[in-house]
Number of protein chains: 2
Amino acid sequence: METARGLRKTLHDRGMRMTPQRQLVLDAVRSLEHATPEQICQRVQETAPTVNITTIYRTLDLLDRLGLVRHTHLGHGAPSYSVDDHQHVHLVCHVCGSIQEIPCELLDPLVGTLRERDGFELDASHLALSGTCRDCLTQEQETE
Amino acid sequence: METARGLRKTLHDRGMRMTPQRQLVLDAVRSLEHATPEQICQRVQETAPTVNITTIYRTLDLLDRLGLVRHTHLGHGAPSYSVDDHQHVHLVCHVCGSIQEIPCELLDPLVGTLRERDGFELDASHLALSGTCRDCLTQEQETE
DNA sequence: TTATGTGCAAACTATTTGCTCGTCT
DNA sequence: AGACGAGCAAATAGTTTGCACATAA
């Protein structure tokens, strides 16, 4: 797999080693999409039950710094990890907690505005937007 | 103060009581702007040293449900509380951690788009946008 | 005199750190 | 041998819960 190759090379270039744990964590992030460290740990432990959650945290941090995965804070609890090429914006409903995904391109106008106005380079692939989803809006109206 | 009045009435209408603790927490949120529960606790304890952090959490939760304050997750650690009328969008730099504020109106086009496209009512006053700030961008370019 | 609010201790969740030991080179 | 990585236990940060006591209505 090229993932394994790519990771191995990236690590080697920095004097780091490829390990089964690192491969398993990357695979888990890839296949789960939007998983918490806890969920990733469970997935990894299906294959290698002795892997410790500490290793999960350390590996996620490493992969994040290498740019292979990214994390988003979708509200309260634990952050959510995805592989870097899985890009979209999250719409988080603060009423029911549901999450929808929308394409990043919808934010292009805003990205342009912020770049010009504030010199701020918005990273749309990192994003969680909070609000009220259609279903919860409908229910609100029915209550009135 | 009308804050005190307003809070007292809101509480009374629901069979709840106005207490010094609640007033102090609301005052602290108001004067600190973007404070964590921990920071709010410290501020309150300058006046009333025996107030427990538990009370801070319970009161913030109450004020949040009453709509008098709101909280935002600006990245990792603890959430950040502000009074409800202090509305703006946060630009969080994921490199240096700095926070800028911009007016909510800049998001109006996006709010419209999401309303039409997804029936999602984006709450722009709740928002933290992550990216790279001007200073960090400049430094990146110098390094290259 | 009862509902409401507070303080205190303990539990809990998510995460980090220190240390030892194993292993690749 | 020396650097790097993993496992384990303990520490830490942030938050919640249970319970007993206090107090306003």
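Residues numbered from 1 in each chain as written. Chains lettered and ligands numbered in written order. Predicted model: local features only at pLDDT ≥ 70, side-chain atom pairs only at ≥ 80, totals over all residues. Heavy atoms only, no water.

The name recorded for chain A in an unreviewed UniProt entry is Nickel uptake regulator, Fur family, from Lentzea waywayandensis. UniProt lists a comment for chain A under the heading Sequence similarities (unreviewed entry), and it reads "Belongs to the Fur family." (UniProt positions renumbered as here; feature names shortened; annotations may be inferred.)

A few points about the overall build of chain A
What chain A contains, in helices and strands, is six helices and six strands. Principal axes of the C-alpha set define a box for chain A whose edges measure 60 × 40 × 25 Å. The burial tally for chain A puts 44% of its 144 residues in the buried class. If you take every contact in chain A between residues at least 6 apart in sequence, the share linking residues at least 24 apart comes to 46%. By element, 47% of the accessible surface of chain A is carried by carbon and sulfur atoms, the whole surface being about 8100 Å². Taking the average place of the 14 positive charges on the side chains of chain A and the average place of its 21 negative ones, the gap between the two points comes to 14 Å. (Helix = DSSP H or I, 4+ residues; strand = E, 2+ residues; numbered from the N terminus. Buried < 20%, exposed > 50% of the residue type's maximum accessible area, 1.4 Å probe, protein only. Contact = heavy atoms within 4.5 Å. Areas by Shrake-Rupley, 256 points an atom, 1.4 Å probe, with all protein chains shown as cover. Lys, Arg positive; Asp, Glu negative; His and termini not counted. Charge placed at Lys NZ, Arg CZ, Asp CG, Glu CD.)

Considering the side chain of Ser 80 of chain B
All names here are of chain B. Along the chain, Ser 80 falls in strand E2 (residues 80-83). With a relative accessible area of 5%, Ser 80 lands in the buried category. Engagement of the side chain of Ser 80 in a polar contact is seen with the backbone oxygen of His 34, the distance being 3.5 Å. Residue contacts for Ser 80: discarding those within four places in its chain leaves His 34, Ala 35, Arg 70, His 71, Thr 72 and Leu 74. (Polar contact = N/O pair within 3.5 Å; in protein donor to acceptor, adjacent residues only side chain to side chain.)

Side note on the domain arrangement of chain A
All names here are of chain A. Entries for chain A in the domain assignment read domain 1 (1-82) and domain 2 (88-142). For domain 1 versus domain 2, the distance between C-alpha centres works out to 26 Å. Every contact between the two is made by six residues of domain 1 and, on the other side, ten residues of domain 2. The junction of domain 1 with domain 2 conceals about 630 Å² of combined surface from both sides, 56% of it contributed by carbon and sulfur atoms. Looking only at domain 1, the three residues that lose the most surface to domain 2 are His 34, Arg 70 and Leu 74, adding up to 70% of its buried area. Between Arg 70 and Asp 123 there is a salt bridge, with its nearest N and O atoms 3.0 Å apart. Taken together, the links from domain 1 to domain 2 amount to five residue pairs in polar contact (both at pLDDT 80 or more). The residue makeup of the side of domain 1 that touches domain 2, split by class, is one nonpolar, four polar and one charged. (Domains from an automatic or database assignment. Buried area = accessible area lost by both parts, 1.4 Å probe. Salt bridge = Lys/Arg side-chain N within 4 Å of Asp/Glu carboxyl O. Nonpolar A, V, L, I, M, F, W, Y, C, P; charged D, E, K, R; others polar.)

Brief notes about the protein's contact with DNA strand D
Among the 19 residues in the neighbourhood of DNA strand D, the closest are listed as Arg 17, Thr 19 and Arg 22 of chain A together with Tyr 57 and Pro 79 of chain B. Each atom of DNA strand D within 4 Å of the protein was classed as base or backbone; sugar and phosphate made up 64%. In this structure, Thr 54 of chain A approaches DNA strand D through a side-chain N or O atom, which is 3.5 Å from a base nitrogen. Within the surface near DNA strand D, the residues separate by chemical class into six nonpolar, eight polar and five charged. (Near = heavy atom within 4 Å.)

Remarks on the sheet that holds strand E3 (residues 89-93) of chain B
Pairing is mixed across the open sheet formed by four strands, whose spatial order is E5(A)-E6(B)-E3(B)-E4(B). At either margin of the open sheet sits one strand with a lone partner, and together these are strand E5 (121-122) of chain A together with strand E4 (99-102) of chain B. Relative to strand E6 (residues 128-132) of chain B, E5 of chain A is paired through two bridges, and the arrangement is antiparallel. Its bridge partner lying in E6 of chain B, Glu 121 of chain A is registered against Thr 132 of chain B. (Pairing = 2+ DSSP bridges.)

Some thoughts on the relation of the copies chain B and chain A
Mapping chain B onto chain A is achieved by rotating through 179° and translating by 0.0 Å along the same axis, at an RMSD of 0.1 Å. Both copies are brought into coincidence by an operation consistent with a two-fold rotation axis. In this assembly, 100% of the residues forming the interface of chain B have copies in chain A that are likewise at the interface, indicating an isologous arrangement. (Least-squares fit on C-alpha atoms with pLDDT ≥ 70 in both.)

Here's the deal with the interface of chain B and chain A
Quite often, the size of an interface is put as the accessible area lost when its parts meet. Taken together, the contact pairs 33 residues of chain B with 33 residues of chain A. Counting the surface lost from both chain B and chain A, the interface buries some 2700 Å², and carbon and sulfur atoms represent 65% of this. The tally of links between chain B and chain A comes to zero salt bridges. Taken together, chain B and chain A are joined by eight residue pairs in polar contact (both at pLDDT 80 or more). Elements that contribute at least two residues to the side of chain B that touches chain A include exactly E3, E4, helix H5 (108-118), strand E5 (121-122), E6 and helix H6 (134-143) of chain B. When its residues are assigned to classes, the side of chain B that touches chain A shows 16 nonpolar, twelve polar and five charged.

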